[in-house]
Protein chains: 2
Amino acid sequence: MFEFWFEFASTYCYPAAMCIEEKAARHGIRVEWKPFLLGPIFAAQGWGDSPFNLYPAKGRYMWRDLERLCARRGLSLRHPSQFPRGSVLATRVALIASGEPWLPAFVRAVYHANFAEDRNIGDRAVIAEVLDRLGLPPDAWLSHAESPLAKDGLRAQTEEAQRRGLFGAPSFCVGDELFWGGDRLEHAFEWARRSHAA
Amino acid sequence: MFEFWFEFASTYCYPAAMCIEEKAARHGIRVEWKPFLLGPIFAAQGWGDSPFNLYPAKGRYMWRDLERLCARRGLSLRHPSQFPRGSVLATRVALIASGEPWLPAFVRAVYHANFAEDRNIGDRAVIAEVLDRLGLPPDAWLSHAESPLAKDGLRAQTEEAQRRGLFGAPSFCVGDELFWGGDRLEHAFEWARRSHAA
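Residues numbered from 1 in each chain as written. Chains lettered and ligands numbered in written order. Predicted model: local features only at pLDDT ≥ 70, side-chain atom pairs only at ≥ 80, totals over all residues. Heavy atoms only, no water.

Moving on, we come to the relation of the copies chain A and chain B. Placing chain A over chain B gives an RMSD of 0.0 Å and needs a rotation angle of 180°, together with 0.0 Å of translation along the axis. What the superposition gives is, in effect, a two-fold axis relating one chain to the other. Every residue of chain A has its C-alpha some distance from the rotation axis, and the shortest such distance is that of A:D183, at 3.2 Å. (Least-squares fit on C-alpha atoms with pLDDT ≥ 70 in both.)

A separate point is helix α4 (residues 56-73) of chain B. A rise of 1.5 Å per residue sets the reference length of α4(B), with its 18 residues, at 26 Å; its end C-alpha atoms lie 26 Å apart and thus fit the reference within 8%. Looking only at α4(B), the buried set comprises B:A57, B:K58, B:G59, B:Y61, B:M62, B:W63, B:D65, B:L66, B:R68, B:L69 and B:C70. Residues of α4(B) that are buried make contact with β4 (177-180) and α10 (185-197) of chain A together with α1 (13-26) and α3 (51-54) of chain B. In the stretch just after α4(B), B:G74 is the one whose phi turns positive, near 70°. (Helix = DSSP H or I, 4+ residues; strand = E, 2+ residues; numbered from the N terminus. Expected span 1.5 Å × (residues − 1). Buried < 20%, exposed > 50% of the residue type's maximum accessible area, 1.4 Å probe, protein only. Contact = heavy atoms within 4.5 Å.)

What follows concerns the packing of helix α5 (residues 88-96) of chain A against helix α9 (residues 148-163) of chain A. Residues and elements named next belong to chain A. Two elements in contact, α5 and α9, have axes separated by 9 Å at closest approach and are oriented at 90°. Of the possible angle classes, the one that applies to α5 and α9 is roughly perpendicular. Seen from α5, the contacting residues are V88, T91, R92, L95 and I96; seen from α9, they are A150, K151, G153, L154 and Q157. Across the contact of α5 with α9, the residue classes tally to 5 nonpolar, 3 polar and 2 charged. (Axes fitted to C-alpha atoms, helices over the stretch in contact; angles between N-to-C directions. Parallel < 35°, antiparallel > 145°, perpendicular 65-115°, else oblique. Nonpolar A, V, L, I, M, F, W, Y, C, P; charged D, E, K, R; others polar.)

A separate point is the packing of α5(A) against helix α6 (residues 103-116) of chain A. All names here are of chain A. Between α5 and α6, whose axes approach to 10 Å, the crossing angle comes to 170°. Taken together, the axes of α5 and α6 lie roughly antiparallel to each other. α6 is crossed by α5, and the crossing has left-handed handedness. Contact residues: α5 offers A90, V93 and A94, while α6 offers L103, F106 and V110. (Left-handed = near helix turned anticlockwise from the far one by under 90°.)

Now for the interface of chain A and chain B. Residue-level contacts link 23 residues of chain A with 23 residues of chain B. Counting across the chain A and chain B interface gives 10 salt bridges. Between A:R72 and B:E190 there is a salt bridge, with its nearest N and O atoms 3.2 Å apart. Put simply, chain A and chain B have 14 residue pairs in polar contact (both at pLDDT 80 or more) between them. For the side of chain A that touches chain B, the secondary-structure elements that each account for two or more residues are α4 (56-73), β4 and α10 of chain A. Ranked by the residues each element gives to the side of chain A that touches chain B, the list is headed by α4(A), at 8 residues. Of the residues in the side of chain A that touches chain B, the class split is 11 nonpolar, 3 polar and 9 charged. (Salt bridge = Lys/Arg side-chain N within 4 Å of Asp/Glu carboxyl O. Polar contact = N/O pair within 3.5 Å; in protein donor to acceptor, adjacent residues only side chain to side chain.)

Another aspect to go through is the layout of surface pockets. All names here are of chain A. For the second largest pocket, the calculated volume is near 340 Å³. What lines the second largest pocket is a set of 19 residues, and nearest its centre among them are R30, V31, E32, W33 and G99. For the lining of the second largest pocket, the secondary structure elements donating two or more residues are α1 (13-26), β2 (31-35), α5 and α6. The element best represented in the lining of the second largest pocket is β2, accounting for 5 residues. Of the residues assigned to the lining of the second largest pocket, the class counts are 11 nonpolar, 3 polar and 5 charged. (1 Å grid on protein atoms, 1.4 Å probe; cavity = no way out; pocket = protein on both sides within 12 Å on 5 of 7 lines; lining within 4 Å. Points joined across faces, edges and corners; volume = space filled by probe spheres on them.)

Residues and elements named next belong to chain B. Side chains S171 and C173 of strand β3 (residues 171-174) all project onto a buried face; the interleaved residues F172 and V174 project onto the opposite face, where all are buried too. The sheet contact formed by strand β1 (residues 2-6) and β3 spans 4 bridges and is antiparallel. Residue pairing in the sheet places E3 in a bridge with C173 of β3. Bridging between β3 and strand β4 (residues 177-180) involves 4 bridges; their strand directions are antiparallel. Paired with F172 across the strands is F179, a residue of β4. (Pairing = 2+ DSSP bridges.)

Turning to the sheet that holds β1(B), a few remarks are in order. Residues and elements named next belong to chain B. Taken together, 4 strands build an open sheet; the order of strands is β2-β1-β3-β4 and the sheet is mixed. Only two strands of the sheet have a single neighbouring strand rather than two, namely β2 (31-35) and β4. Across the sheet, the mean angle from the axis of one strand to that of its neighbour is 25°, orientation sign disregarded. The sheet contact formed by β1 and β2 spans 5 bridges and is parallel. When the bridges of β2 are listed, F2 appears paired with V31.

Structural data, given as structure tokens:
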């Protein structure tokens, strides 16, 4: 089982989300998509905002590094006019869409809206449009995403992330083995292949 | 000019320092070794200790990740019984040894003592032994390292790091372009080669 833990507001999750399915396929690995929220995890360690906003030198570096990464991979990037963006609604949709064949395309479309189009993914209308473009009935999925079940599910998923030692995103889990950061993706794939072979 | 900014107490600098000269040579790049202290930079953003101690989930992950990295590269690792270790004296030696042909070997020997042998690199006798093994007169170099000139030089070097936007280590600078983390080393080499060719 290869888990990809992602947060829609996370900058470094953008390039990871755009490439992971294609890269995993080359290794014969199936990705399990695990949406979660970093906010509560950051709050638990005393941060009321993204560390990239709290620590300006780190933030300045991250935006420049992200520019270079996106350029290397041919990904569009428009510095979002708001950062981080509210990710709760999109994350709930991704959570209830677990196992749906359109989930990866939905995830990529939300990242594209946030980081390539500078659109407010915290806005219900933006998520509705993403669903609509995928040929899905927006109202049905959004109502479902706003149900107490989805709310509780996301809380549980975020608690699971914290319990399993996640502190940032993107993170990749292979059993108990945690890998953090897009630059560890190939290591995580190798670990998964070795574990499977063993 | 390809600058390698390193801090002797930094765990991720260990694998970077052990391989950088060999990797750079393959790209035809000469490394400029830039020792500095992270303590004052961390203090300026409100941290009185290593973030790996302040944020336990991050710390637990780092040690496991470092184990995996060292295993991949065939580097010994013994979890230091004290972390971070005092790096001021070793850093001053590295600073005054700028341009000396033995500097890279000294740097690697200090990292090896700290992370492969669990020795206290903050101890004058340990640094004396490292110098002695390299065939250098320990007393002469240590007295020089303890001079006001070396002290001021290190303060200036650390201020330069901060002014140039460094917030962690290892960092690599190619002109104004900053790369942070060992996993960005190849990107930094590519940048240096492109800048040189341009």
